[in-house]
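Each chain, letter by letter, is given below.
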Amino acid sequence: MTAREIAAAVRAGEHSAVAELDERLAAIDDRDGEIHAFNHVMIEEARTAAETVDRHVAAGEDPGPLAGVTVALKDNMCTRGVPTTCSSKILDGWCPPYDATVVQRLAAAGAVIVGKTNLDEFAMGSSTENSAFGATRNPHDTSRVPGGSSGGSAASVAAGFTSLALGSDTGGSVRLPAAACGLVGLKPTFGLVGRSGVIPLAHSLDTVGPLTRGVRDCALMLQAIAGHDAKDSASQQPRIPDYLAGIEDSITELRVGVPRHYLDGAMDEDVAKTFETAVQALKTLGPAAHEVRIEGIEMSNRVTTLLIAVEGAAVHSKWLESRAGDYGSQTLGRLMAGLFVPAEAYVRALEYRRRFLRQTLESLFRQVDLLLTPMWPFRLPTIEESDLGGNPGFAAMVTASGHYSRPFNLLGLPAITLPCGRCSRGLPLGLQLVGRPFEEALLLRAARAFERCLDLPADRPEISVWRSEL
Amino acid sequence: MSRISRDDVAHVARLARLELTDDELETFTDQLDAVLGHAADVEALDVAGVAPTAHPFPLTNVLRPDEPGATLDRAEVLAQAPSVEDDRFRVPPAMGEAP
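Note that this is a predicted model, so its numbers are computed, not measured.

Q: Tell me about the overall build of chain A, residues and numbers included.
A: Of the regular secondary structure elements, chain A holds 15 helices and 11 strands. Over its C-alpha atoms chain A spans a radius of gyration of 21 Å, differing by no more than 12% from the 23 Å that the globule rule assigns to 470 residues. In terms of principal-axis extent, the alpha carbons of chain A reach across some 60 × 60 × 45 Å. Sorting the 470 residues of chain A into buried and exposed places 63% on the buried side. Here the analysis covers contacts within chain A between residues at least 6 apart in sequence; of these, 78% occur between residues at least 24 apart. For chain A, the accessible surface area stands at approximately 15,400 Å², while carbon and sulfur atoms represent 50% of it. Treating the 45 positive side-chain charges of chain A as one cloud and the 56 negative ones as another, the clouds have centres 6 Å apart.

Structure below.
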């Protein structure tokens, strides 16, 4: 069942939140020893939340739009009285005294929060291998990484441990694992979803977004978390539309840009082949594919890497002084790099961002409504290949994996990934759609059109605990 | 050509009060060289006449209403600190001894 179906059944009293939770906990018990999606499963807290939902339903009260829907949280989101580690020894054992704004919103919507998921240490990485608590495995192929840094959240949804998950995306950390695990992942516009209580990586790039099995579940989850957060200085107050209303409408009138000059050469053959299916799908859907140039995009991945290093080092400077030995070597290397960047380079990077954004909004997004790109540029690495100790070239691979994701963190634009096929090894591949600021509704409508058109039932994860047949 | 030497890394590490082993110095020198390459690329960009921006969009200052609301539990917050005295955080002196 989809999250929408579960919430509808629970709200109608046809399904109980406790029964739903028990089924998921059994799946976790059965298979998470192998997958390692979770750092911490909140059995007691989840049961209390599920019982509360069932009690509301029994009393005829509104249990909320996500009633009884199970959710996993990336372990960089604060949960009151529950360990929040960022998969680092630095925070091991820490229990925050408050819930992150997004956690409060999900709880208020009736969601049942099941646990905290593994990530690359402090969200630095794209493999979820760079964790102080061990690697997460991709449920589609357990020899391979689930992508990252929100890899535990992606694995949880792909393995059927939870219906939904929340991740954070600073350079692709929601979209890359979503694509690697055959899911839908959304990086909202910078400022749409509050970040208070989410441990920062890079303040000018961090966003929080959903990982789900389908586009409509993504819209449902976004609805619950979007909106102003008084404790996040970057939070905005745009009008929040009903993201599910009109989601099935046609996209015939839209203009879709394909930036070939930036795509070609960076992706491998499998990705290129699958991406062409997406371009062909456009023809069925109506919009013409316009070949476009994104001026200035070539520098954007490097500039984003620089901003993450500098802003990350600023967050961590005190711990770097006193506890450098408690960081993993990959994390320490990237944070230290930020200490070496001249201030002038940082300011120039911000100037570049302004020019890049102005050109993109004032020129490119007048010619087209959306951009279409692939997501992961190459085959997913194995867990062994992701070990920086044994594979010194992996640091460059992390940067290369963000080729299609990072430019849009730098621009702050909303971007969504959804599955569009499988590679020759049977692993999921994703496409990405990018829109104008705060046009998530249009982005979701287009993603839903692709999802209908690319309808790939055989490509859905074949996980025994997933109950789509019920 | 390398933009940064092992001695440079050791020097900055000392300034940042980082203690690094010889092996770490070796590894980081290579990694840092790559990031400094990005910095050099960025410094070479022509961005004359463009004001820097720390956020991707023009942000408006949104203030919340000045109304008393629920606050965190004092005991729970103080329990987070390494040292507490009389319901307050105890911190090392920053300005020398009081007269």
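Q: Could you give an account of the overall build of chain B, naming the residues involved and the relevant values?
A: For chain B, the count of helices and strands is 3 helices and 2 strands. Counting helices and strands in the order they occur from the N terminus, chain B gives α-α-α-β-β. Here chain B holds 99 residues, and 28% of them are scored as buried. Restricting to contacts in chain B with at least 6 residues of sequence separation, those with at least 24 account for 34%. Surface accessibility of chain B: about 7,600 Å² in total, with carbon and sulfur atoms responsible for 53%.

Q: An account of the state of the cysteines is needed here, citing residue identities and associated values.
A: Residues and elements named next belong to chain A. Counting across every chain of the model gives 0 disulfides over all chains. Here Cys-420 is not disulfide-linked; the sulfur of Cys-453 is the nearest cysteine sulfur, at 11 Å. The exposure class assigned to Cys-420 is buried, which follows from its relative accessible area of 4%.

Q: So, the interface of chain A and chain B: which residues are in play, and what are the values?
A: Taken together, the contact pairs 52 residues of chain A with 41 residues of chain B. Between chain A and chain B, the buried area comes to about 4,200 Å², and carbon and sulfur atoms account for 70% of it. Inspection of the region where chain A meets chain B yields 2 salt bridges. The salt bridge involving Asp-41 of chain B is made with Arg-302 of chain A; its shortest N-O contact spans 2.7 Å. For the side of chain A that touches chain B, the elements supplying multiple residues, two or more each, are α10 (300–323), α11 (329–340), α12 (343–367) and α14 (406–411) of chain A. Among the residues forming the side of chain A that touches chain B, the class breakdown is 31 nonpolar, 11 polar and 10 charged.

Q: Give a description of the packing of aromatic side chains that names residues and reports values.
A: All names here are of chain A. This model, assessed by the stated rule, comprises 6 aromatic pairs over all chains. Measuring from ring centre to ring centre gives 6.4 Å for Phe-38 and Phe-161, while their planes differ by 35°; the resulting arrangement is tilted. Note that Phe-38 is positioned in strand β1 (residues 38–41) and Phe-161 in the loop between α5 (151–158) and β4 (164–169), a separation of 123 residues in sequence. No difference in accessibility class separates Phe-38 from Phe-161, as the two residues are buried. Aromatic side chains Tyr-352 and Phe-356 sit 5.6 Å apart centroid to centroid with 25° between the ring planes, which places their arrangement in the stacked category. Of this pair, Tyr-352 and Phe-356 both sit in helix α12, 4 residues apart, roughly one helical turn. Of the two residues, Tyr-352 and Phe-356, neither departs from the other in class, the shared state being buried. These aromatic residues form a ring-pair network of at least three members: Phe-122, Trp-319 and Tyr-327.

Q: So what's going on with the pattern of salt bridges? Residues and values would help.
A: Note on pairing: side chains with opposite charge can pair once their charged atoms come close. All names here are of chain B. Scanning the model with the defined rule gives 28 salt bridges over all chains in all. With a shortest N-O distance of 2.6 Å, Arg-90 and Glu-85 are connected by a salt bridge. Overall, Glu-85 belongs to the partly exposed group, its relative accessible area being 40%.

Q: Could you give an account of the nonpolar core, with specific residues and numbers?
A: In globular proteins that are soluble, nonpolar side chains generally tend to be buried together. Residue and element names in this part refer to chain A. Val-102, Leu-106, Leu-372, Leu-433 and Phe-450 are the most contacted members of the largest nonpolar core, which has 174 residues in total. Ranked by residues supplied to this core, first place goes to α12 with 9 residues. Apart from the residues within four sequence positions on either side, Leu-106 is in contact with Leu-66, Val-71, Leu-73, Ala-111, Ile-113, Leu-166, Met-221 and Ile-225.

Q: Help me get a handle on empty space enclosed by the protein, residues and values and all.
A: Residue and element names in this part refer to chain A. Under the criterion given, the structure shown has 2 cavities of 30 Å³ or more. Empty space within the largest cavity amounts to approximately 110 Å³. Lining the largest cavity are 17 residues, with Gly-125, Gly-171, Gly-172, Ser-173 and Arg-406 positioned closest to its centre. Residues of the lining of the largest cavity, tallied by class, amount to 6 nonpolar, 9 polar and 2 charged. Approximately 80 Å³ is the volume attributed to the second largest cavity. Along its surface, the second largest cavity is lined by Ala-179, Ala-180, Trp-376, Phe-378, Arg-379, Leu-380, Cys-423, Leu-427, Pro-428, Leu-429 and Gly-430. At the level of elements, α6 (175–180) and β11 (428–434) are the ones that each hand at least two residues to the lining of the second largest cavity. Broken down by element, the residue count for the lining of the second largest cavity peaks at 3 residues, all from β11.

Q: Describe the sheet that holds strand β2 (residues 70–74) of chain A, with residues and values.
A: Residue and element names in this part refer to chain A. Spatially, 11 strands are ordered β1-β3-β2-β4-β6-β5-β10-β11-β9-β7-β8 in an open sheet, and the strand pairing comes out mixed. Looking at strand neighbours, the two that pair on one side only are β1 and β8 (289–291), the edges of this open sheet. Pairwise comparison of adjacent strand axes, ignoring direction, gives a mean angle of 30° for this sheet. Taken together, the 2 bridges between strand β7 (residues 256–258) and strand β9 (residues 370–374) define a ladder with parallel strand orientation. From the neighbouring strand, Val-256 faces β9, where its bridge partner is Leu-370. Each of β1 and β3 (112–117) is contacted by helix α3 (residues 43–58), which is oriented at about 160° to β3, the strand it contacts most.

Q: Break down the side chain of Asp-169 of chain A for me, citing the residues and quoting the values.
A: Residues and elements named next belong to chain A. By the secondary structure assignment, Asp-169 is in strand β4. There is a polar contact of 2.7 Å between the side chain of Asp-169 and the backbone nitrogen of Gly-172. Only 3.0 Å separates the side chain of Asp-169 from the side chain of Asn-409, close enough to count as a polar contact. Non-local contacts of Asp-169, meaning those with residues more than four positions away in its chain, are made with Val-174, Arg-175, Lys-187, Leu-205, Asp-206, Thr-207 and Asn-409.

Rules of the game
- Residues numbered from 1 in each chain as written.
- Chains lettered and ligands numbered in written order.
- Predicted model: local features only at pLDDT ≥ 70, side-chain atom pairs only at ≥ 80, totals over all residues.
- Heavy atoms only, no water.
- Helix = DSSP H or I, 4+ residues; strand = E, 2+ residues; numbered from the N terminus.
- Rg over C-alpha atoms; globule rule 2.2 N^0.38 Å.
- Buried < 20%, exposed > 50% of the residue type's maximum accessible area, 1.4 Å probe, protein only.
- Contact = heavy atoms within 4.5 Å.
- Areas by Shrake-Rupley, 256 points an atom, 1.4 Å probe, with all protein chains shown as cover.
- Lys, Arg positive; Asp, Glu negative; His and termini not counted.
- Charge placed at Lys NZ, Arg CZ, Asp CG, Glu CD.
- Disulfide = S-S within 2.5 Å.
- Buried area = accessible area lost by both parts, 1.4 Å probe.
- Salt bridge = Lys/Arg side-chain N within 4 Å of Asp/Glu carboxyl O.
- Nonpolar A, V, L, I, M, F, W, Y, C, P; charged D, E, K, R; others polar.
- Phe/Tyr/Trp six-rings, centres within 6.5 Å; stacked < 30°, edge-to-face > 60°.
- Core = buried A, V, L, I, M, F, W, Y, C linked by side-chain atoms within 4.5 Å.
- 1 Å grid on protein atoms, 1.4 Å probe; cavity = no way out; pocket = protein on both sides within 12 Å on 5 of 7 lines; lining within 4 Å.
- Points joined across faces, edges and corners; volume = space filled by probe spheres on them.
- Pairing = 2+ DSSP bridges.
- Axes fitted to C-alpha atoms, helices over the stretch in contact; angles between N-to-C directions.
- Polar contact = N/O pair within 3.5 Å; in protein donor to acceptor, adjacent residues only side chain to side chain.

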